[in-house]
Amino acid sequence: ADLLRSEGEIPEVGRLRMTFSNSGEFELIHENLHPWSIPARLVLLDRPVNETSSRTGLKMLPFTQNVALLAEARAKGFDDGVRLNQKNEVCESSVANLLLRLDGQWVTPDLAAGCLPGITRELSLEWLEIQERRVSATELENVEAIFLLSSLKELQPVAVLGDRELTIDMHLAEEFARHARESFEP
């Protein structure tokens, strides 16, 4: 509360990040949040996730590798990138979970692929008719549509994967938003 009061006018939408160290110290950072306004453009990234690592599935600091991958995608003219694991399975983006439409069915990669167990991903599994399963990299050739899933993006549509244009189907994002309003607003 002190941090927010010190900033004066509090924006309607913001992000409060709390970082705790092993010593018991913590840091608070508040930033204005600018929701996505256009669909994302994704590229396939060339640094696989080690799905067998003891740190896989944990959101831990330092987050430097993820930030570097995001910068790499942006340097190539994209907004983010798709990461595969060492078994050549689709995992996640550098900063979000993925939801893919394959053969008319919405799927999200299984946690065993090495992705983070994100909140928006979990709510999507609960609220929407999607399937959780392993997705091979070869299936990306036939992906029809993609959403990036994260607490800050909710469901952001993807317009491009590499050199392919994808279908943008906002029905799922609208359904997610309806569930969120019904579940979280008084």
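See the structure above.
These notes cover the structure that comes with them. (Residues numbered from 1 in each chain as written. Predicted model: local features only at pLDDT ≥ 70, side-chain atom pairs only at ≥ 80, totals over all residues. Heavy atoms only, no water.)

Concerning the overall build of the chain
Test applied: Segments assigned H or I by DSSP are reported as helices when at least four residues long, segments assigned E as strands when at least two residues long, and all are numbered from the N terminus. Classification of residues uses two cut-offs on accessible area relative to the type maximum, computed with a 1.4 Å probe and protein chains only: under 20% is buried, over 50% is exposed, and between them is partly exposed. Per-residue accessibility takes into account occlusion by the displayed protein chains alone, with areas from the Shrake-Rupley method and a 1.4 Å probe.
When its secondary structure is counted, the chain shows four helices and 11 strands. Buried positions account for 37% of the 186 residues belonging to the chain. A total accessible area of about 11100 Å² is found for the chain, and carbon and sulfur atoms account for 50% of it.

Topic: the pairing of strand S4 (residues 80–84)
Our working rule: Should DSSP find at least two bridges between two strands, the strands are taken to pair.
Of all five residues in S4, five are buried, a share of seventy percent or more. Residues Asp-80, Val-82 and Leu-84 line one face of S4 and the alternating positions Gly-81 and Arg-83 line the opposite face, and both faces are buried. Pairing of strand S3 (residues 40–44) with S4, which is carried by three bridges, proceeds in the parallel orientation. Note on S4: the bridge partner recorded for Leu-42 is Asp-80. Note: S4 against strand S5 (residues 90–93), three bridges, orientation antiparallel. Its bridge partner lying in S5, Val-82 is registered against Ser-93. Hairpin geometry of S4 and S5 is characterised by an intervening segment of five residues between the two adjacent antiparallel strands and by a positive phi of about 65 degrees at Asn-88.

Describing the pattern of salt bridges
This is how the line gets drawn: Here, a salt bridge means any Lys or Arg side-chain nitrogen found within 4 Å of an Asp or Glu carboxyl oxygen.
If you walk through the whole model with that rule in mind, you get eight salt bridges. A salt bridge links Glu-89 to Arg-134, with the shortest nitrogen-to-oxygen separation between them at 2.8 Å. Residue Glu-89 is located in the loop between S4 and S5, and its partner Arg-134 is located in the loop between strand S8 (131–133) and strand S9 (145–150); the two are separated by 45 residues in the primary sequence. Look at the salt bridges and you will find they share partners, linking Arg-47, Glu-72 and Lys-76 into a network.

As for the nonpolar core
Short version of the rule: Nonpolar cores were defined as sets of buried Ala, Val, Leu, Ile, Met, Phe, Trp, Tyr and Cys residues, with membership established by side-chain atoms within 4.5 Å. Should any heavy atoms of two residues lie within 4.5 Å, those residues are considered in contact.
Core analysis: the largest hydrophobic core is formed by 19 residues, its most contacted members being Leu-42, Val-90, Leu-98, Leu-100, Ile-146 and Leu-161. Looking at this core, the elements that each hand over two or more residues are S3, S4, strand S6 (97–102), S9 and strand S10 (154–161). For Leu-100, the residues in contact, after removing those within four places along its chain, are Val-90, Gln-105, Trp-106, Val-107, Pro-109, Leu-140, Val-143, Ala-145 and Ile-146. Formed by 14 residues, the second largest nonpolar core is a distinct cluster that contains Ile-130, Ala-145, Leu-155 and Ala-180.

As for helix H3 (residues 119–127)
As a reminder, the rule being used: Working note: the arc is built from the helix axis to C-beta atom directions.
Those residues of H3 that fall on the buried side of the exposure criterion are Thr-120, Arg-121, Leu-123, Ser-124 and Trp-127. All buried residues of H3 lie within an arc of 165 degrees about the axis, which places them on one face of the element. In H3, the exposed positions angled more than 90 degrees off the buried face are occupied by Ile-119 and Glu-126. Where H3 is buried, its residues touch S6, strand S7 (105–109), S8, S9, S10 and helix H4 (171–184).

Some points on the layout of surface pockets
Stated formally: Using a grid of 1 Å spacing that covers the protein atoms alone, one calls a set of points a cavity when a 1.4 Å probe fits there but cannot get out, and a pocket when the set is open and has protein on both sides within 12 Å along at least five of seven lines; lining residues are those with an atom within 4 Å of a point. Grid points are joined across faces, edges and corners, and a volume is the space filled by probe spheres set on the points.
For the second largest pocket, the calculated volume is near 290 Å³. Every residue lining the second largest pocket is counted, 12 residues in all, and those nearest its centre are Ser-151, Glu-154, Phe-176, Ala-180 and Phe-184. Elements supplying a minimum of two residues to the lining of the second largest pocket: H3 and H4.

Brief notes about the packing of aromatic side chains
Rule in force here: Only Phe, Tyr and Trp rings are paired, with Trp represented by its six-membered ring, and only when their centres lie within 6.5 Å; those with planes under 30 degrees apart are stacked, over 60 edge-to-face, the remainder tilted.
In total, this model carries two aromatic pairs according to the counting rule given. On the basis of an interplanar angle of 40 degrees and a centroid distance of 5.4 Å, the ring pair of Trp-106 and Phe-147 is categorised as tilted. With Trp-106 in strand S7 and Phe-147 in strand S9, the pair connects residues that are 41 residues apart, well separated along the chain. Neither residue differs from the other here; Trp-106 and Phe-147 are each classed as buried.

Brief notes about a nonpolar patch on the surface
Formally: Patch definition: residues above 30% relative accessible area lacking any salt bridge, with like charges linked at up to 9 Å and the nonpolar side chains Val, Leu, Ile, Met, Phe, Trp and Tyr linked at up to 5 Å.
A contiguous nonpolar surface patch, about 450 Å² in accessible area, is contributed by Met-18, Phe-20, Phe-26 and Leu-28. When contributions to the nonpolar patch are tallied by element, the ones reaching two or more residues are strand S1 (14–20) and strand S2 (26–32). Residue position: Phe-26 is located in strand S2. Take Phe-26: its relative accessible area is 53%, and that puts it in the exposed class.

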